[in-house]
Amino acid sequence: MENKECIFCKIARKEIKSEIVGESNSFIAFLDINPKAKGHTLIIPKNHYVTLLDIPDKLGNELLSFMKKISSELLEKKQGDGFNVIMNNLEPAGQLVKHAHIHIIPRKDRDNLRSIV
Ligand code: 5GP
Ligand code: ZN
């Protein structure tokens, strides 16, 4: 399941270069090209799913474990002392790339990043 024109499908297929920081069976993690903070990482399914609603339930455990692995490595590497997990779903919520992705954003005290919640 892929979308030929999709930039994140191309990243998942390694046709477009990205800084990959981790990989599981069904997911890949790479650095955001326009980071909100050092270490800002995107986690995407290797298959082309558009939003959270399209990701099969059976990938839930794998996704949770992978998110925890990537987040804890960011803390271990001292990229942050905390982190935000953010997912924009559909355009009104700010989803620009139409391939499901989860932002993991390292946070530090007084880093001046705003949060919508
Ligand atoms: P969205 O607003 O859709 O949740 O965020 C899309 C994110 O993907 C943005 O933070 C943007 O910087 C990142 N992004 C877009 N195109 C590329 C790319 O080609 N490579 C990488 N590494 N990140 C990208
Ligand atoms: Zn895609």
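What you see is a predicted model, and the numbers here were worked out from it, not measured in a lab.

Concerning the site of ligand 1
Taken together, 16 residues are adjacent to ligand 1, and Asp32, Gly94, Leu96, His101 and His103 come closest. Among the elements that make up the shell around ligand 1, the one with the highest residue count is helix α1 (residues 7-12) (three residues).

So, the pairing of strand β2 (residues 27-31)
The element β2 is largely enclosed, with a buried count of four among its five residues. In this structure, the hairpin formed by strand β1 (residues 20-23) and β2 is closed by a connection of three residues. Inspection of the sheet shows β2 paired to strand β3 (residues 41-45) by five bridges, in the antiparallel sense. In the strand pairing of β3, Leu31 is matched with Thr41.

Topic: the layout of surface pockets
Roughly 1,000 Å³ of volume is contained in the largest pocket. Lining the largest pocket are 34 residues; nearest its centre among them are Lys36, His40, Asn88, His103 and Ile105. Contributions of two or more residues to the lining of the largest pocket are made by α1, β2, β4 (82-86) and β5 (102-107). Its residues assigned to classes, the lining of the largest pocket comprises 18 nonpolar, ten polar and six charged.

Rules and cut-offs
Residues numbered from 1 in each chain as written. Chains lettered and ligands numbered in written order. Predicted model: local features only at pLDDT ≥ 70, side-chain atom pairs only at ≥ 80, totals over all residues. Heavy atoms only, no water. Near = heavy atom within 4 Å. Helix = DSSP H or I, 4+ residues; strand = E, 2+ residues; numbered from the N terminus. Buried < 20%, exposed > 50% of the residue type's maximum accessible area, 1.4 Å probe, protein only. Pairing = 2+ DSSP bridges. 1 Å grid on protein atoms, 1.4 Å probe; cavity = no way out; pocket = protein on both sides within 12 Å on 5 of 7 lines; lining within 4 Å. Points joined across faces, edges and corners; volume = space filled by probe spheres on them. Nonpolar A, V, L, I, M, F, W, Y, C, P; charged D, E, K, R; others polar.

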